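Inside the fold
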Amino acid sequence: MKSHLLCLVALLLSPLCALSAVSDDLPDQPMVLEKSKRPAPPFETAGGFLGLTADRTFVASGQDSAGWRIWLLPAASAHWTETTERVAGHAAVARWGVDRWIMAGGLRDGRAVADVAVVSVSGGKVTSDSLPPLPEPLVGAGAAILGDKLHVFGGASDPAAFALSKTLWILDLKNGGGWEKGPEFPGEARAFFAAVEQYGMLCVFGGVSSSGRVLAEAWIYRPKPLEGTRVTGWRRMSDLPQPSALATALPAGQAQVILLGGDHSPSATVLPPPVGGDDGGRPLLFHTLTDAWCEFDITPGLEFPAAVKEGQRIFAMGSEGGVPVFLEMVVQRSVRNLVWVDYAVILAYFGLIVGIGWYFSRKQETSAEFSLGNRKVLWWAAGISMFATGASAISFMAVPALAFATNLVWLFPLLVMIPGYFVTAHWIYPMLRRMEITSTYEYLERRFNRPLRVIASFQCIIFQTFARAAVVLVLPSLAISSMTGMNVYLSVLIMGIVTTVYTAIGGFDAVIWTEVFQGVLKFFAPLTMILVAIAALPGGFGEFVQIGLDYSKFDFAIVTTDLTLPAFWILMLGTFLTITVSSAGDQPIIQRVFSAPMKEVRRVNMTFTVCGILIGVISNVVGLAIFAYFRAHPEKFDPAASNDQIVPMFVSQAMPVGMAGVVVAAIFASAMATVASAMNSVATIFTEDFYLRVRPAASDRERLFMLKATSYIVGIIGTAMALLLAAQDLKSMMVVWNQMVALVGGGIVGVYSLGMFSRRANGFGAVCGAVVSVIVTLIVKLYTPLHWGTYIPIAIFSCIAAGYVFSLLRPAPGNLHGLTVFTPAGHDRPSPP
């Protein structure tokens, strides 16, 4: 035991040392220039393009009277090599896959063309193919691939006469066919603007109008509605700080755009605008969600650059005083070093957690204490622990991130927790608690059969170990990485080891009381964030409200029958099922009910319901408050951040000294609460449902040893899966989490529904229903456009329907005393809610 504690103390100190060491090395500027080791291009680069292949070969264009010449610069080469391929100059360019580029329209021999070429680079060779030509010749248009469709917008059909187009042309690259017109553009016709795909949108910046005026307008085109909204089509955004033509746009982070170079003259007398007389100015950063601009504090000095971004590095070629140059810029993380007060707060948090684990490790003598605290846990402690287990990092980080990116459509469904309380408090929880079971899957054996219990237990072990623990370890690790620059994989490793050790040595009582403290911390930290964010707005609370109204952040429901959207009734139905029937099959949740005395079950449930509604409101308001903050202070926004990092980014930029450490500790707490519960629950059901079947005569000492050993194993596997998940490009952890829950757990929830609310369902039907549920949900996910919010209801109801039908093929079950809500045990017959 002492060796465990010494190792744990060392691990607690190591992340703090690593945070400090890494943070001190970070530069202050969000973008810096670096001297490139790559040779300058031996050709004129105005209006050209620059690409990078999978093997790090640069693909670039140089201008001549016949169009663009294609040049290559292999990774290990010091010389540019000209190829024999030619494409039209000033074409609209869109990257297609890894090593292909589509070039639509362009200028050849002084005339606009309608050709659409596909340039491919493989093995140091360039080949070209063609797609159906544009319906009209265009030069200076913009292009982007959104999904499987090529979008080409704007451009000049006759540059000499300033004849410009405002048509959006769309070509389906997957299913073939011809060009189709998209929604009508509501602004002025334009050409020679910057265009890029970002966050599923076509972004258009500046350009030259038909009158020769250089524009400062910014527009976005969204073919599909942003999550949580119904808005599609064209939308005008905030204007650029100054007019710009022939600039280059690059995606950054998850929803940001970097704008480089451009001609900032008030007007153009010829198309394309002449080269020279402008160094392009400072790069700009535009955030597509907060609709705000800011400048980087550097001046690359490039006239009309072509650029490509790889990771956090930007490669750009252009002209500097008429001389071709090749530059590199690095997008840095915008961080603020934590001070000793913050580190002291974090260390105090870990110290308290270790102290709780050590205290209960001394009192722990039996397997019953390790699994359920001898069923004597205080009702309010069990309720807070129940909330802390369910909330985790999903509520603390992913929900604010989703509200930041959308609105309050995710908050409204929480109202069903009120009727849900009566269903669980009067029917479901009392029925299960009377059975005096340790594993909730023992209910399935009594109600149906033993194989179903084994299957459900195994599925729970897989889900808790390989999915739940991994997701909630990744989220706080992203937080640490975005605030300090610490390697996300190292962060996952440290978090996983620390949680594993303190859970394994402390058992259920340690988990409960650490979660009580963690639950309180998770209320206090986000409330503080809301107050700090609103206080930092120039207009205070009034500005917070106005920004919310201007950007529709207070929209709370989508009333529609369209199942491709998060309709309010679908979200409410999914939430109701999750907090009622689903909780019966969720061992970490129901274990809190089993741990309290029978007479306190309703109080446990009431505490959980109140905490759940409160944290739901707070988490969503945090997202809105952070949106308002970064709308008012765009210079604070990290250009490399993703939406899931919005909470830690706000902490690093806005929270005062000391309070930043409190929020960091709360982020740790968010993960550790759920991971600890998952570990303890998996250890419990493995021992009850598997180990004791192999060794039914095992002594209590042997059971306790198996419980602890399993906790260590689960912690190791969960940490490893988190490391794999951290390498994935996940746009929203909330979306990923709901998909995992539906695919892995939906069938089991349906089985519990059949068991508790049907007297006709039998074991054969339940197993068939669970199998059908998985198949149906996979089909819906892979082959339909239905919104992910429909996955949980579809999984549950397909299981119920199929299970009931298949049950009719076998005899009805016998004695169901105490096993359904219609046949309760004893005299405690519940009243309908």
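In this text, all values refer to a predicted model and were calculated from it rather than measured experimentally.

**Comments concerning the overall build of the chain**
Looking only at helices and strands, the chain has 19 helices and 30 strands in total. Intrachain contacts of the chain at a sequence separation of at least 6 include 70% that bridge at least 24 residues. Approximately 30800 Å² of the chain is accessible, and the part contributed by carbon and sulfur atoms is 61%.

**Observations regarding the pairing of strand E13 (residues 149-153)**
Across the 5 residues that make up E13, a large majority, 4, are buried. Turn length for the strand E12 (residues 142-146)-E13 hairpin, with the two strands adjacent in sequence and antiparallel, is 2 residues, and the turn residue Gly 147 shows positive phi of about 70°. Here E13 runs beside strand E16 (residues 168-172); their pairing, made up of 5 bridges, is antiparallel. Pairing of Val 152 across the sheet is with Trp 169, part of E16.

**Digging into the side chain of Asp 291**
Here Asp 291 shows up in the loop between strand E26 (284-287) and strand E27 (292-295). In this structure Asp 291 is buried but unpaired, with Arg 631 as the nearest side chain of opposite charge at 4.2 Å. Within the local environment of Asp 291, its side chain forms a polar contact with the backbone nitrogen of Ser 238, the two atoms lying 2.8 Å apart. Not counting chain neighbours up to four residues away, the residues in contact with Asp 291 comprise Met 237, Ser 238, Phe 286, Tyr 551 and Arg 631.

**Comments concerning helix H8 (residues 488-535)**
Residues spaced three or four apart along an α-helix face the same direction, because each turn holds 3.6 residues. With 48 residues, H8 should cover 70 Å at 1.5 Å per step; its first-to-last C-alpha distance of 31 Å lies more than 12% under that length. Burial within H8 is extensive, with 36 of its 48 residues counted as buried.

**Digging into the pairing of strand E29 (residues 313-320)**
In terms of burial, E29 is largely enclosed, as 6 of its 8 residues are buried. The sheet contact formed by strand E28 (residues 303-310) and E29 spans 6 bridges and is antiparallel. The partner of Ala 307 across the bridge, within E29, is Ala 316. What sits between E28 and E29 in their antiparallel hairpin is a turn of 2 residues, with Gly 311 showing a positive phi close to 65°. Relative to strand E30 (residues 323-331), E29 runs antiparallel, the two sharing 8 bridges. Of the residues in E30, the one forming a bridge with Glu 320 is Val 323.

**Some thoughts on the packing of helix H12 (residues 587-595) against helix H15 (residues 659-694)**
Closest axis-to-axis distance for the H12/H15 pair is 9 Å, and the angle between their directions is 80°. Taken together, H12 and H15 sit at an angle that is classed as roughly perpendicular. Mapping the contact onto sequence places Gln 587, Pro 588, Gln 591 and Arg 592 in H12 and Ser 677, Ala 678, Asn 680, Ser 681, Thr 684 and Ile 685 in H15. Of the residues assigned to the contact of H12 with H15, the class counts are 3 nonpolar, 6 polar and 1 charged.

**Topic: the side chain of Ser 367**
With respect to the secondary-structure elements, Ser 367 resides in helix H3 (residues 367-372). Within the structure, the side chain of Ser 367 is placed 2.5 Å from the side chain of Asp 700, a separation counted as a polar contact. Setting aside residues no more than four positions away along its own chain, Ser 367 makes contact with Asp 700, Arg 703, Leu 704 and Leu 707.

**Comments concerning the nonpolar core**
Core analysis: the biggest nonpolar cluster contains 163 residues, and Phe 205, Tyr 443 and Phe 650 have the highest contact counts within it. Among residues more than four places away in sequence, those in contact with Tyr 443 are Met 431, Leu 432, Met 435, Ile 437, Tyr 752, Gly 755, Met 756 and Leu 819.

**Structural notes on the packing of aromatic side chains**
On inspection of all chains with the given rule, the structure shows 35 aromatic pairs. On the basis of an interplanar angle of 65° and a centroid distance of 6.4 Å, the ring pair of Tyr 441 and Tyr 752 is categorised as edge-to-face. In this pair, Tyr 441 is assigned in the loop between helix H5 (417-433) and helix H6 (442-447) and Tyr 752 in helix H17 (residues 733-757), connecting sequence segments 311 residues apart. Ring pairing ties together the aromatic residues Phe 404, Tyr 551, Phe 627, Tyr 629, Phe 630, Phe 637 and Phe 650, which thus form one cluster. Stacked on the ring of Phe 764, the Lys or Arg Arg 810 has its end atom at 4.1 Å from the ring centre.

**Looking at the pattern of salt bridges**
In total, this model carries 23 salt bridges according to the counting rule given. In this structure, the salt-bridge partner of Asp 115 is Arg 108, at a minimum N-O distance of 3.1 Å. Looking at Asp 115, the relative accessible area reads 42%, which means it is partly exposed. Here Arg 603 and Glu 600 are joined by a salt bridge, their closest N and O atoms 3.6 Å apart. The exposure class assigned to Glu 600 is buried, which follows from its relative accessible area of 14%. Look at the salt bridges and you will find they share partners, linking Glu 445, Arg 450, Arg 453, Asp 689 and Arg 693 into a network.

**Some words on the sheet that holds E28**
The antiparallel open sheet is built from 4 strands, whose spatial order is E1-E30-E29-E28. Each edge of the open sheet is held by one strand with a lone partner, namely strand E1 (31-34) and E28. Geometrically, the sheet is characterised by an average inter-axis angle of 30° between neighbouring strands, direction not taken into account. Here E1 runs beside E30; their pairing, made up of 4 bridges, is antiparallel. Following the sheet pairing, Met 31 is matched in E30 by Val 331.

**Looking at the sheet that holds strand E7 (residues 100-104)**
Strand order in the open sheet formed by 4 strands is E6-E7-E10-E11, with antiparallel pairing between adjacent strands. At either margin of the open sheet sits one strand with a lone partner, and together these are strand E6 (92-96) and strand E11 (125-131). Each strand of the sheet is rotated relative to its neighbour by a mean of 25°, with strand direction disregarded. Direction of pairing for strand E10 (residues 116-122) relative to E11: antiparallel, over a ladder of 7 bridges. Across the sheet, the residue bridging to Val 118 is Asp 129, located in E11.

**Remarks on the packing of H8 against helix H14 (residues 646-654)**
Between H8 and H14, the shortest axis-to-axis distance is 11 Å and the interhelical angle comes to 60°. Taken together, the axes of H8 and H14 are oblique relative to one another. Here H8 runs over H14; the crossing is left-handed. Within the contact between the two elements, H8 uses Met 529, Val 532 and Ala 533 and H14 uses Val 647, Phe 650, Val 651 and Ala 654.

**Brief notes about H14**
Burial analysis of H14 places 9 of its 9 residues in the buried class, which makes it a mostly covered element. Looking only at H14, the buried set comprises Ile 646, Val 647, Pro 648, Met 649, Phe 650, Val 651, Ser 652, Gln 653 and Ala 654.

**Re unusual backbone geometry**
The backbone of Arg 56 shows a phi angle near 65°, a positive value even though the residue is not glycine. Relative to the helices and strands, Arg 56 is located in the loop between strand E2 (50-52) and strand E3 (58-64). For Leu 246, which is not glycine, the phi dihedral falls at a positive 60°. As for its placement among the helices and strands, Leu 246 is situated in the loop between strand E23 (233-237) and strand E24 (248-252). The class of Leu 246 is buried, set by a relative accessible area of 14%.

**Notes on a nonpolar patch on the surface**
Taken together, Val 771, Val 774, Ile 775, Leu 778, Ile 779, Leu 782 and Tyr 783 make up a surface patch of nonpolar side chains, about 680 Å² in accessible area. Relative to the assigned elements, Val 771 resides in helix H18 (residues 763-783).

**Examining the environment of Val 774**
Tracing the backbone shows Val 774 in helix H18. Along the backbone, Val 774 and Cys 799 are 25 residues apart, and their C-alpha atoms lie at a distance of 8.4 Å.

**What about the confidence of the model for the chain?**
Mean pLDDT over the chain works out to 84, with 89% of the residues at or above the 70 mark. Every residue in residues 1-27 scores below 50 in pLDDT, and together they form 41 contacts with partners more than four places removed in sequence or on other chains. For residues 827-833, every residue scores under 50 in pLDDT, and the model assigns this stretch 13 contacts once sequence neighbours within four places are set aside.

What counts and what doesn't
- Residues numbered from 1 in each chain as written.
- Predicted model: local features only at pLDDT ≥ 70, side-chain atom pairs only at ≥ 80, totals over all residues.
- Heavy atoms only, no water.
- Helix = DSSP H or I, 4+ residues; strand = E, 2+ residues; numbered from the N terminus.
- Contact = heavy atoms within 4.5 Å.
- Areas by Shrake-Rupley, 256 points an atom, 1.4 Å probe, with all protein chains shown as cover.
- Buried < 20%, exposed > 50% of the residue type's maximum accessible area, 1.4 Å probe, protein only.
- Pairing = 2+ DSSP bridges.
- Lys, Arg positive; Asp, Glu negative; His and termini not counted.
- Salt bridge = Lys/Arg side-chain N within 4 Å of Asp/Glu carboxyl O.
- Polar contact = N/O pair within 3.5 Å; in protein donor to acceptor, adjacent residues only side chain to side chain.
- Expected span 1.5 Å × (residues − 1).
- Axes fitted to C-alpha atoms, helices over the stretch in contact; angles between N-to-C directions.
- Parallel < 35°, antiparallel > 145°, perpendicular 65-115°, else oblique.
- Nonpolar A, V, L, I, M, F, W, Y, C, P; charged D, E, K, R; others polar.
- Core = buried A, V, L, I, M, F, W, Y, C linked by side-chain atoms within 4.5 Å.
- Phe/Tyr/Trp six-rings, centres within 6.5 Å; stacked < 30°, edge-to-face > 60°.
- Lys NZ or Arg CZ within 6 Å of the ring centre and 35° of its normal.
- Left-handed = near helix turned anticlockwise from the far one by under 90°.
- Patch = residues over 30% accessible without salt bridge, like charges linked within 9 Å, V, L, I, M, F, W, Y side chains within 5 Å.
- pLDDT = per-residue confidence, 0-100.

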